[in-house]
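Examining the three-dimensional arrangement
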Amino acid sequence: AVITGAASGFGRAFALHAARQRMHLVLADVDLNGLESTALACRELGVQVLVQPTDVASNASVAELARRAGETFPAVHLLFNNAGVGGGGLIWENTEADWQWVLGVNLMGIAHGIRHFVPRMLAQEAAGQPAHVVNTASIAGWLTPPLMGVYNVSKHAVVSLSE
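Rules used in this analysis
- Residues numbered from 1 in each chain as written.
- Predicted model: local features only at pLDDT ≥ 70, side-chain atom pairs only at ≥ 80, totals over all residues.
- Heavy atoms only, no water.
- Helix = DSSP H or I, 4+ residues; strand = E, 2+ residues; numbered from the N terminus.
- Rg over C-alpha atoms; globule rule 2.2 N^0.38 Å.
- Buried < 20%, exposed > 50% of the residue type's maximum accessible area, 1.4 Å probe, protein only.
- Contact = heavy atoms within 4.5 Å.
- Areas by Shrake-Rupley, 256 points an atom, 1.4 Å probe, with all protein chains shown as cover.
- 1 Å grid on protein atoms, 1.4 Å probe; cavity = no way out; pocket = protein on both sides within 12 Å on 5 of 7 lines; lining within 4 Å.
- Points joined across faces, edges and corners; volume = space filled by probe spheres on them.
- Nonpolar A, V, L, I, M, F, W, Y, C, P; charged D, E, K, R; others polar.
- Axes fitted to C-alpha atoms, helices over the stretch in contact; angles between N-to-C directions.
- Parallel < 35°, antiparallel > 145°, perpendicular 65-115°, else oblique.
- Left-handed = near helix turned anticlockwise from the far one by under 90°.

Along the backbone of the chain there are five helices and five strands. Each helix (α) and strand (β) of the chain, taken in turn from the N terminus, gives the series β-α-β-α-β-α-β-α-β-α. The C-alpha radius of gyration of the chain comes to 16 Å, within 12% of the 15 Å expected for a compact globule of 163 residues. Buried residues in the chain amount to 44% of all 163 residues. Put simply, of all contacts in the chain between residues at least 6 apart along the chain, 60% involve residues at least 24 apart. For the chain, the computed accessible surface area is about 8,200 Å², with 60% contributed by carbon and sulfur atoms.

Written out as structure tokens, the structure reads:
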């Protein structure tokens, strides 16, 4: 399994669950300390772990993640596009940097993951190896809570992309 956002939250929890299921892991995040902590906990459960510092908003960084995953393991059976960030405030007060950061991580991170992993996963499935993609959205992908405009837009886009 390849898991982005593996340093904390859902990503860390899923990494530990996957390790208990005996899945070997590729863990990715920008939080290096959290990433190493998750990796250590997973290794203690007896699975092989590749730690790959990754900024999912960067196409090149996700391409490197896919390359390293392919070099280390014969197949990726699960891609968990989970990395995400929040953002809030009045929509007219959010800066261009706010938009770039939230959309870069929450939306483009998933787009980069799909572009770099899914072609390999489709070939793998054609050869009889199962492959699945899970994209983390949020209830904000279905509803529009106030004062969360940029985040809501990003998560609505994730739901649409996933569907």
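Glancing now at the layout of surface pockets. Roughly 360 Å³ of internal volume is contained in the largest pocket. What lines the largest pocket is a set of 22 residues, among which Gly5, Asn82, Ala83, Gly84 and Val85 lie closest to the centre. Of all the secondary structure elements, the ones that give two or more residues to the lining of the largest pocket are α1 (9–20), β2 (25–29), α4 (96–126) and α5 (149–162). A total of three residues in the lining of the largest pocket trace back to one element, the largest contributor, which is α4. Grouping the amino acids of the lining of the largest pocket by side-chain chemistry returns ten nonpolar, nine polar and three charged. Considering the residues around the second largest pocket, the lining is formed by Ala1, Val2, Met23, His24, Leu25, Val26, Phe73, Pro74, Ala75, Val76 and His77.

Look at helix α3 (residues 59–72) against α4: their axes get within 8 Å of each other, and the N-to-C directions meet at 30 degrees. Judged by the inter-axis angle, α3 sits roughly parallel to α4. The handedness of the crossing between α3 and α4 comes out as right-handed. Taking contact as the criterion, the partners of Asn59, Val62, Ala63, Leu65, Ala66, Arg67, Ala69 and Gly70 in α3 are, on α4, His112, Gly113, Arg115, His116, Phe117 and Arg120.

Functional significance is not addressed by these values, which are geometric in nature.
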